[in-house]
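For reference, the chains in residue letters:
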Amino acid sequence: GVYCTGSSTAILGNSGSLVKEGYTLAAWNTQADGWGTNYKANVVYTFGSNNITLYAVWMPSDLTYTVGSHGIVITGYTGTPTSILPLPGGVVSIGSSAFAYCSSLTGFEIPSGVSSIGESAFIGCTSLNNISIPTSVTTLGNWCFANCTGLASISIPASVTTIGDGAFGNCP
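Residues numbered from 1 in each chain as written. Predicted model: local features only at pLDDT ≥ 70, side-chain atom pairs only at ≥ 80, totals over all residues. Heavy atoms only, no water.

Please clarify how unusual backbone geometry should be interpreted in this entry.
The residue Asn147 is not glycine, and still its phi comes out positive at about 60 degrees. When its relative accessible area of 27% is taken as the criterion, Asn147 is described as partly exposed. (Buried < 20%, exposed > 50% of the residue type's maximum accessible area, 1.4 Å probe, protein only.)

Structure representation (structure tokens):
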């Protein structure tokens, strides 16, 4: 639609005509790669005089998350993973206990842009055998990988400045 400069409008959600199998529309973003500003559906925003193009941000349906204007925080997982889960751009944090005790998860690629891995995020993921931590990560929370007894390799980049208590407790 066309809106007057400075007018307020609600960003529409998915009216049912947008479909991506296995995914849910999480938000709208100013960048196609998800690293711009997020806009939540059904929230009223005031826009300036410049045109704005919004792109759909799709999240796997079995992830729970919160959306903020500058990123997405993964808060949980309701499925049964067996391999690496794909995450979209715009994820800035893996929240506390997000993948706790997902015992069948074998691998996980943390997307570039994630800055923190929360407390107990992967605790008890006994089949997790490798994890790739990007240089954007600065914080590993307490017990984030504790009891990951199948963990064979992990590379911690120099960007990590905080490693919480027991982050790798009971790991090989």
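That shown, we press on.
What's the story with the packing of aromatic side chains in this structure? I'm lost.
How two aromatic rings sit relative to each other is set out by the distance from centre to centre and by the angle between their planes. With the rule as written, the count across this model stands at seven aromatic pairs. A centroid spacing of 5.8 Å and a plane angle of 35 degrees characterise the contact between Tyr77 and Phe99, whose relative ring orientation is tilted. Residue Tyr77 is found in strand β7 (residues 71-77), and its partner Phe99 is found in the loop between β8 (91-94) and β9 (107-109); the two are separated by 22 residues along the sequence. Per residue, the accessibility class of Tyr77 equals that of Phe99, and both read buried. Here the aromatic rings of Phe108 and Phe122 are separated by 5.0 Å at their centres, their planes lie at 65 degrees, and the arrangement is edge-to-face. Of this pair, Phe108 sits in strand β9 while Phe122 sits in the loop between β10 (116-117) and β11 (130-132), placing them 14 residues apart in sequence. By the burial criterion, Phe108 is buried, and Phe122 matches it. Each residue in the set Tyr77, Phe99, Phe108, Phe122, Phe145 and Phe168 is aromatic and connected to the rest through ring pairs, giving one cluster. (Phe/Tyr/Trp six-rings, centres within 6.5 Å; stacked < 30°, edge-to-face > 60°. Helix = DSSP H or I, 4+ residues; strand = E, 2+ residues; numbered from the N terminus.)

Would you mind showing me how to read the environment of Pro172 here?
Assignment of secondary structure puts Pro172 in the segment after β14 (162-163). When the C-alpha positions of Pro172 and Ala152 are compared, they lie 7.3 Å apart, and in sequence the two are 20 residues distant. With residues near it in sequence (within four places) discarded, Pro172 still touches Cys148, Thr149 and Leu151. (Contact = heavy atoms within 4.5 Å.)

Help me understand the sheet that holds β7, please; the structure alone is not making it clear to me.
Two strands in a sheet stick together by hydrogen bonds in their backbones, pointing the same way (parallel) or opposite ways (antiparallel). Across the sheet, which stays open at both edges, the six strands sit in the order β6-β7-β8-β10-β12-β14 with mixed pairing between neighbours. A single partner strand is all that each edge strand has here, and the edge strands are β6 (63-68) and β14. Here strand β12 (residues 139-140) pairs with β14 via two bridges, running parallel. In the sheet register, Thr139 faces β14, and the bridge partner there is Thr162. (Pairing = 2+ DSSP bridges.)

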